[in-house]
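Chains, contacts and geometry: an overview
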Amino acid sequence: VRNSTGKITGNNGEMLGELFVKDGIMNYEEYLKDDNNPRILYITKEAYTNAGEKGKEISNLADDTIDGVKGLFWSRLSEWTYGIQNTNKYEIYDFNKIKEGENGLNSKTEMEKALRRVAVINLKKSDGDTETNMNDLTGYFNSNNCKEKYINYLEEQINIINPQIIVCCGTFSIFNDIFKEKIEKGKSMKRINKFKLKYGEAFLIDYYHPSWPNSSELLYNTLMIN
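Residues numbered from 1 in each chain as written. Predicted model: local features only at pLDDT ≥ 70, side-chain atom pairs only at ≥ 80, totals over all residues. Heavy atoms only, no water.

This part covers unusual backbone geometry. Phi at asparagine 162 is positive, roughly 55°, even though this residue is not glycine. Inspection of the secondary structure assignment puts asparagine 162 in the loop between α6 (147-161) and β6 (165-169). Residue classification places asparagine 162 among the partly exposed residues on the basis of a relative accessible area of 29%. (Helix = DSSP H or I, 4+ residues; strand = E, 2+ residues; numbered from the N terminus. Buried < 20%, exposed > 50% of the residue type's maximum accessible area, 1.4 Å probe, protein only.)

Quick look at the structure:
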């Protein structure tokens, strides 16, 4: 909603689009560890900033997890990450083992550790509302006077992160429009594509947003099958 000044406000009247939200690698040391875990990048829509962040000029997405995994969005990302890290071509890692813990491990601790080993970026870098309007998000690119520079910025950010797996969380249609020349569409599995990086390529998965209203176990298993 635009107010009388032309600025965008949310459902509760708070100012939106005023705050730059930093995103990217959650923990550099963990992300760059040289082991067999794939580097994963989740691409989401926009950040919703809480009341305590209003009035600031800058925010940081990684701050949301400083005190642990909280909320549906981060919980599901941690589940997906742990599952990807522990699933192989012979067996999907059991979702219930993550929730209950295994071999005496604290599942909450393991989920938090998994989340530190990913990157998360938003297509839109300024703050948004509690529920993203996809038409507005698409318009954010189409009506942006600096569209070309901004797309180049996004591409550079992805190349710096250098993922092996990219999961588009409800953002594939927009991502595909922006980078269609760099995407090789999958043939046997429609959700699995490839994205051309500056050096090499990454698997690109068209998937649901973590906050999508459905069973966490169903979303987990569907992603693991891919």
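Here the narrative resumes, following the displayed structure.
Right, let's get into the pattern of salt bridges. Scanning all chains against the criterion turns up 6 salt bridges. Of the charged contacts, one joins lysine 33 and glutamate 30 as a salt bridge, the two residues approaching to 3.4 Å between their closest N and O atoms. Its relative accessible area of 42% is what places lysine 33 among the partly exposed residues. Between lysine 182 and glutamate 155 there is a salt bridge whose closest N-O contact spans 3.1 Å. Separated by 27 residues along the polypeptide, lysine 182 in the loop between α7 (172-179) and β7 (183-184) and glutamate 155 in helix α6 bring together distant segments of the chain. A residue is classified by how much of its surface remains accessible, and glutamate 155, at 18% relative accessible area, is buried. (Salt bridge = Lys/Arg side-chain N within 4 Å of Asp/Glu carboxyl O.)

Bridge count for β7 against strand β8 (residues 192-196) is 2 bridges, and the pairing is antiparallel. When the sheet's bridge partners are listed, isoleucine 183 is paired in β8 with phenylalanine 195. The pairing of β8 with strand β9 (residues 201-207) spans 5 bridges and is classified as antiparallel. When the bridges of β9 are listed, phenylalanine 195 appears paired with alanine 202. Turn length for the β8-β9 hairpin, with the two strands adjacent in sequence and antiparallel, is 4 residues, and the turn residue glycine 200 shows positive phi of about 100°. (Pairing = 2+ DSSP bridges.)

Before going further, it helps to examine helix α4 (residues 107-115). By the burial criterion, the buried members of α4 are Ser107, Glu110, Met111, Ala114 and Leu115. Viewed end-on, α4 has its buried residues packed into an arc of 135°, placing them on one side of the element. Along its buried surface, α4 packs onto α2 (71-86), α3 (95-100) and β5 (118-122). (Arc of directions from axis to C-beta. Contact = heavy atoms within 4.5 Å.)

Geometric descriptors of this kind do not, in isolation, establish any biological role.
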